[in-house]
Amino acid sequence: MNRPSASARPAYLRVVRASAWYDLAVTSGFATPWTYTLVHDALSSLGDSLGWGLLPALDPWQTLYANLMGSVVIVWAALRIVRPLRLHGLLDGIARVLFSSWMGYALAHGAPRILWPFLAVEAVWGVVQLALWRPDGHTDPAGHRSAVVSGGRGLPARSVRRRAAEPR
C-alpha cells in the first residue's frame, strides 16, 4: 500500500496555510503608506525601548518598497490560504530562504536588531516547509500523473491517452 508523501498529506497543506496566515498577519501593515507609517513607528519605538536601535527615518523609497513587499506577500498569502498546494509550500520555503538571506545580510551590515525576531520566524517557516516537502513520484504539483506513470515520456497521463487515441 502506497502512503502519500509527507508533502501530499493534509498536515503539510495545513503548514502551508498556517504560514500564509502568519504572513498575512505580519505583512498587512506594510501594504499601504498609511499603515506602514504606523508599523514603522511601532517597530522603531519597540527597537529603541529594547536597545535594539531605531529604524531609519521614513522616506518615499523605503515606503514604496515596503508597500510593494506588503502587497505581493498579501496576494501570495491569500493564494496559499484559499488553495494550498504542495508546490506552494516548496516555493514559499524557497522564498523564505531568500528573505532570510537578505535579512541576515542587512543585519550583518548594521540593520537594527529588531529584525532578528522576523529573521528567526522566517527561517523556521522555511525550514519546516522545506524539510517536510517531498517530491512525489506519482503526481506533479498540479496532481497530474507524472512521466514515471506515463511511460517515462515526460507527459501527463492525459496527453499519453490522447496520443494513444490518435490515428497513426
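Before going further, it helps to examine the environment of Gly 104. Following the sequence through the fold, Gly 104 ends up in helix α4 (residues 86-108). Overall, Gly 104 belongs to the partly exposed group, its relative accessible area being 26%. With twelve residues separating them in the primary sequence, Gly 104 and Trp 116 have C-alpha atoms 8.4 Å apart.

For the protein, the mean per-residue pLDDT works out to 84, and 76% of the residues sit at or above 70. Within the model, the stretch residues 137-157 combines pLDDT values under 50 with 30 contacts to residues more than four positions away or in other chains.

Below, the discussion takes up the pattern of salt bridges. On inspection of all chains with the given rule, the structure shows five salt bridges. Residue Arg 80 pairs with Asp 23 through a salt bridge whose shortest N-O separation is 2.6 Å. In this pair, Arg 80 is assigned in helix α3 (residues 60-82) and Asp 23 in helix α1 (residues 10-27), connecting sequence segments 57 residues apart. Residue Arg 80 is classed as buried on the basis of its relative accessible area of 0%.

Let us now look at the layout of surface pockets. There is about 1,000 Å³ of room inside the largest pocket. Taken together, 29 residues make up the lining of the largest pocket; nearest its centre are Phe 30, Met 69, Phe 99, Met 103 and Leu 115. Secondary-structure elements contributing two or more residues to the lining of the largest pocket are α1, α2 (33-49), α3, α4 and α5 (115-132). Across the lining of the largest pocket, the residue classes break down as 23 nonpolar, two polar and four charged.

Next up on the list: a nonpolar patch on the surface. A cluster of nonpolar side chains, namely Leu 87, Leu 91, Ile 94, Val 97, Leu 98, Phe 99, Trp 102, Tyr 105 and Leu 130, defines an oily patch on the protein surface of about 830 Å² accessible area. Sort the elements by how many residues they give to the nonpolar patch and α4 lands first, with eight residues. Topologically, Phe 99 is positioned in helix α4. Exposure remark for Phe 99: the relative accessible area of 34% places this residue in the partly exposed category.

Evaluation of the coordinates by the stated rule reveals three aromatic pairs. Ring centres 6.3 Å apart and planes at 40 degrees place the aromatic pair Tyr 22 and Trp 125 in the tilted group. Residue Tyr 22 is found in helix α1, and its partner Trp 125 is found in helix α5; the two are separated by 103 residues along the sequence. With respect to burial, Tyr 22 and Trp 125 carry one shared label: buried. Between Phe 30 and Tyr 36, the aromatic rings sit 5.5 Å apart at their centres with planes inclined by 40 degrees, giving tilted as the arrangement. By the burial criterion, Phe 30 is buried, and Tyr 36 matches it.

What follows concerns the packing of α3 against α4. One can describe the packing of α3 onto α4 by two numbers: an axis separation of 11 Å at closest approach and a directional angle of 155 degrees. Classified by the interaxial angle, the pair formed by α3 and α4 is roughly antiparallel. As for the relative orientation of α3 and α4, their crossing is left-handed in sense. Counted together, Met 69, Trp 76, Leu 79 and Arg 80 of α3 and His 88, Leu 91, Asp 92, Arg 96 and Phe 99 of α4 form the full contact between these two elements.

Calculation notes
Residues numbered from 1 in each chain as written. Predicted model: local features only at pLDDT ≥ 70, side-chain atom pairs only at ≥ 80, totals over all residues. Heavy atoms only, no water. Helix = DSSP H or I, 4+ residues; strand = E, 2+ residues; numbered from the N terminus. Buried < 20%, exposed > 50% of the residue type's maximum accessible area, 1.4 Å probe, protein only. pLDDT = per-residue confidence, 0-100. Contact = heavy atoms within 4.5 Å. Salt bridge = Lys/Arg side-chain N within 4 Å of Asp/Glu carboxyl O. 1 Å grid on protein atoms, 1.4 Å probe; cavity = no way out; pocket = protein on both sides within 12 Å on 5 of 7 lines; lining within 4 Å. Points joined across faces, edges and corners; volume = space filled by probe spheres on them. Nonpolar A, V, L, I, M, F, W, Y, C, P; charged D, E, K, R; others polar. Patch = residues over 30% accessible without salt bridge, like charges linked within 9 Å, V, L, I, M, F, W, Y side chains within 5 Å. Areas by Shrake-Rupley, 256 points an atom, 1.4 Å probe, with all protein chains shown as cover. Phe/Tyr/Trp six-rings, centres within 6.5 Å; stacked < 30°, edge-to-face > 60°. Axes fitted to C-alpha atoms, helices over the stretch in contact; angles between N-to-C directions. Parallel < 35°, antiparallel > 145°, perpendicular 65-115°, else oblique. Left-handed = near helix turned anticlockwise from the far one by under 90°.

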